[in-house]
Amino acid sequence: MQETTDTVSPSADPVSAASEVAPAADRQRLYRRFGKAERIGHIGLGISFIGLAITGLPLLYSQEPWARWLAHSMGGFEATGFLHRFFALVMIVLFVWHLGRVFRRIIVDRDLGMLWGPYSMVPQPRDVRDVYQNVRYFLGKGEPPRFERYTYWEKFDYRAVFWGMAIIGGSGLVLWFPEFFTRFLPGWTLNLASVIHGLEAVLAVGFIFTIHLFHNNLRAEKFPMDTVMFTGYVTEEELRTERRDEYARLQREGRLKEIEVDPVKPGLLRAGRIYGVVINLLGVILVGLMLYALLG
């Protein structure tokens with residue numbers, strides 16, 4: 001879940017400053033993109049997702065030698081199932097927490113900018129135009145889109161969490177509590193839930209560690225990793241070239257100085273890079289094992 005990407009209001013808390021920061025004139029300006037809550041939520045989502053993938057795929061492909069080895073390395077299939085439910089609970093808690101923050105901002109804070117405008121994750125007409133312009137750019141027929149705060153693929157990734165929770169999470173709960181659900185559902189729904197849960201999980205793992213991984217890390221301008229979800233900021237050059245309409249709007253509004261921040265501590269950045277490498281490497285290995293099982 002971009003790439004889980006929560007919106008952040010202009011008044012969010014700035015990123016923690018480093019203990020030793022070079023003079024502003026000697027470094028490129030940095031601008032806040034995500035607050036602390038968004039970054040923590042994204043890291044938690046990443047950990048719970050990779051945990052679900054590592055524990056769920058051995059259960060789905062239990063006939064494969066690699067699946068049996070992976071399950072036994074975690075204490076056997078029963079222990080793997082317990083860990084799978086634990087990571088599922090973590091993801092559910094994060095999802096409910098995120099929804100609570102969204103509803104609070106809309107209902108309590110009256111932040112209607114979350115529903116429309118540059119700070120909204122709701123698809124808008126300009127996203128259709130951006131898709132068209134991006135296709136023309138890919139074909140060498142025009143310039144790249146002048147993106148605002150959120151691109152169309154970031155909005156797509158954001159929605160993937162919601163339908164994933166509805167389909168994977170819903171079917172998983174049916175399998176987790178069969179006695180409860182079969183009080184009002186026919187027994188064959190357990191078989192249906194098992195099929196849906198497995199197929200959608202394969203789709204989710206494949207998408208996250210191919211498409212999402214490419215967009216956020218393997219593009220030429222981001223390789224080997226986009227660190228924004230660990231630091232919370234982007235450089236002025238990144239903002240000006242990748243999100244030209246947002247940069248122009250912030251200039252017009254005179255708000256660039258308001259969101260300027262200092263670098264995070266080097267140790268935090270190093271920890272973020274290690275986290276990203278481990279998560280993505282494990283994900284790519286899991287995709288390879290899935291393909292091996294499917295093709296085999």
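Residues numbered from 1 in each chain as written. Predicted model: local features only at pLDDT ≥ 70, side-chain atom pairs only at ≥ 80, totals over all residues. Heavy atoms only, no water.

Undergrad: Teacher, can you tell me more about the overall build of the protein chain here?
TA: Scanning the protein chain from N- to C-terminus turns up 11 helices and 3 strands. Secondary structure elements in the protein chain, listed N-terminal to C-terminal, are β-α-α-α-α-α-α-α-α-β-α-α-β-α. The globule rule puts the C-alpha radius of gyration for 296 residues at 19 Å, and the 21 Å found for the protein chain is close to it. Each of the three principal axes of the protein chain carries a C-alpha extent, and together these read 60 × 45 × 40 Å. By the burial criterion, 47% of the 296 residues in the protein chain qualify as buried. Summed over its atoms, the accessible surface of the protein chain is roughly 16100 Å², and 67% of this surface lies on carbon and sulfur atoms. Here the protein chain contributes 33 positively and 30 negatively charged side chains, and the mean placements of these two sets differ by 2 Å. (Helix = DSSP H or I, 4+ residues; strand = E, 2+ residues; numbered from the N terminus. Rg over C-alpha atoms; globule rule 2.2 N^0.38 Å. Buried < 20%, exposed > 50% of the residue type's maximum accessible area, 1.4 Å probe, protein only. Areas by Shrake-Rupley, 256 points an atom, 1.4 Å probe, with all protein chains shown as cover. Lys, Arg positive; Asp, Glu negative; His and termini not counted. Charge placed at Lys NZ, Arg CZ, Asp CG, Glu CD.)

Undergrad: How should the side chain of Thr227 be read in this particular structure?
TA: Mapped onto the elements, Thr227 comes out in the loop between helix H7 (188–218) and helix H8 (228–231). Those residues within four positions of Thr227 in sequence are excluded, and the remaining contacts are Leu269 and Arg273. (Contact = heavy atoms within 4.5 Å.)

Undergrad: What exactly am I supposed to notice about the pattern of salt bridges here?
TA: Two side chains carrying opposite charge are able to pair once their charged atoms lie near each other. Tallying each qualifying case throughout the model produces 19 salt bridges. A salt bridge links Glu236 to Arg29, with the shortest nitrogen-to-oxygen separation between them at 4.0 Å. Taken together, the residues span a long stretch of sequence, with Glu236 in helix H9 (residues 236–242) and Arg29 in the segment before strand S1 (30–32) at a distance of 207 residues. Exposure remark for Glu236: the relative accessible area of 14% places this residue in the buried category. Between Arg146 and Asp245 there is a salt bridge; the shortest N-O distance is 2.8 Å. Highlighted residues: Arg146 in the loop between helix H4 (125–138) and helix H5 (152–176) and Asp245 in helix H10 (residues 244–253), separated in sequence by 99 residues. According to the relative accessible area criterion, Arg146 is partly exposed, its value standing at 37%. Here the salt bridges do not stand alone but share partners, grouping Arg33, Arg149, Glu154, Arg243 and Glu246 into one network. (Salt bridge = Lys/Arg side-chain N within 4 Å of Asp/Glu carboxyl O.)

Undergrad: It is not clear to me how the nonpolar core should be interpreted in this structure. Could you clarify?
TA: Most often, soluble globular proteins have nonpolar side chains that are buried together. With 31 residues, the main nonpolar core has Phe49, Tyr61, Val205, Phe209 and Met290 as its most contacted residues. Put simply, the parts of the chain that give this core at least two residues each are helix H1 (36–60), helix H2 (65–73), helix H3 (77–108), H5, H7 and helix H11 (266–295). Listed in part, the 17 residues of the second largest apolar core include Val102, Ile106, Tyr119 and Met229. (Core = buried A, V, L, I, M, F, W, Y, C linked by side-chain atoms within 4.5 Å.)

Undergrad: So what exactly am I meant to see when it comes to H4 here?
TA: Since the α-helix turns once every 3.6 residues, residues separated by three or four places project in the same direction. The end-to-end C-alpha distance of H4 is 20 Å, a good match for the 20 Å that 14 residues give at a rise of 1.5 Å each. Inspection of H4 places Asp127, Asp130 and Asn134 among the buried residues, and these make up the whole buried set. The buried residues of H4 all sit within an arc of 55° when viewed along its axis, so they share a single face. Turned more than 90 degrees off the buried face of H4, the exposed positions are Pro125, Val128 and Tyr132. On its buried side, H4 packs onto H5. Where H4 terminates, the next one or two residues include Gly140, which has phi positive at roughly 75°. (Expected span 1.5 Å × (residues − 1). Arc of directions from axis to C-beta.)

Undergrad: Where do I start with the packing of aromatic side chains in this structure?
TA: A ring pair, where both rings are aromatic, is described by two values, the distance of the centres and the angle of the planes. Here the structure, examined in full by the defined rule, presents 16 aromatic pairs. Plain terms: the ring middles of Tyr61 and Trp66 are 6.0 Å apart, the flat faces sit at 45° to each other, and that makes the pair tilted. For the pair shown, Tyr61 and Trp66 are each scored as buried. Centroid distance Phe230 to Tyr275: 5.5 Å. Interplanar angle 80°. Geometry classified as edge-to-face. Linking Phe230 in helix H8 with Tyr275 in helix H11, this pair joins segments that are 45 residues apart in sequence. Note on Tyr275: relative accessible area 18%, which makes it buried. (Phe/Tyr/Trp six-rings, centres within 6.5 Å; stacked < 30°, edge-to-face > 60°.)

Undergrad: Any chance you could explain the environment of Pro178 here in plain terms?
TA: You can see Pro178 is positioned in helix H6 (residues 178–181). Among the residues examined, Pro178 registers a relative accessible area of 23% and is labelled partly exposed.

Undergrad: Got a minute to help me understand H7 in this structure?
TA: The terminal C-alpha atoms of H7, which comprises 31 residues, lie 43 Å apart, in line with the 45 Å expected from a rise of 1.5 Å per residue. At His212, H7 shows its maximal bend, which comes to roughly 35°. (Bend = angle between axes of the 7 residues up to and from the residue.)

Undergrad: Even after reading the chapter, I still don't get the packing of H3 against H5, so can you show me in this structure?
TA: With their axes 11 Å apart at the nearest point, H3 and H5 run at an angle of 135° to one another. In terms of their interaxial angle, H3 and H5 are classed as oblique. Relative to H5, H3 is oriented so that their crossing is left-handed. Touching Arg85, Met91, Ile92, Phe95, His98, Leu99 and Val102 of H3 are Tyr158, Val161, Phe162, Met165, Leu173 and Trp176, all from H5. Among the residues making up the contact of H3 with H5, the classes are represented as 11 nonpolar, 1 polar and 1 charged. (Axes fitted to C-alpha atoms, helices over the stretch in contact; angles between N-to-C directions. Parallel < 35°, antiparallel > 145°, perpendicular 65-115°, else oblique. Left-handed = near helix turned anticlockwise from the far one by under 90°. Nonpolar A, V, L, I, M, F, W, Y, C, P; charged D, E, K, R; others polar.)

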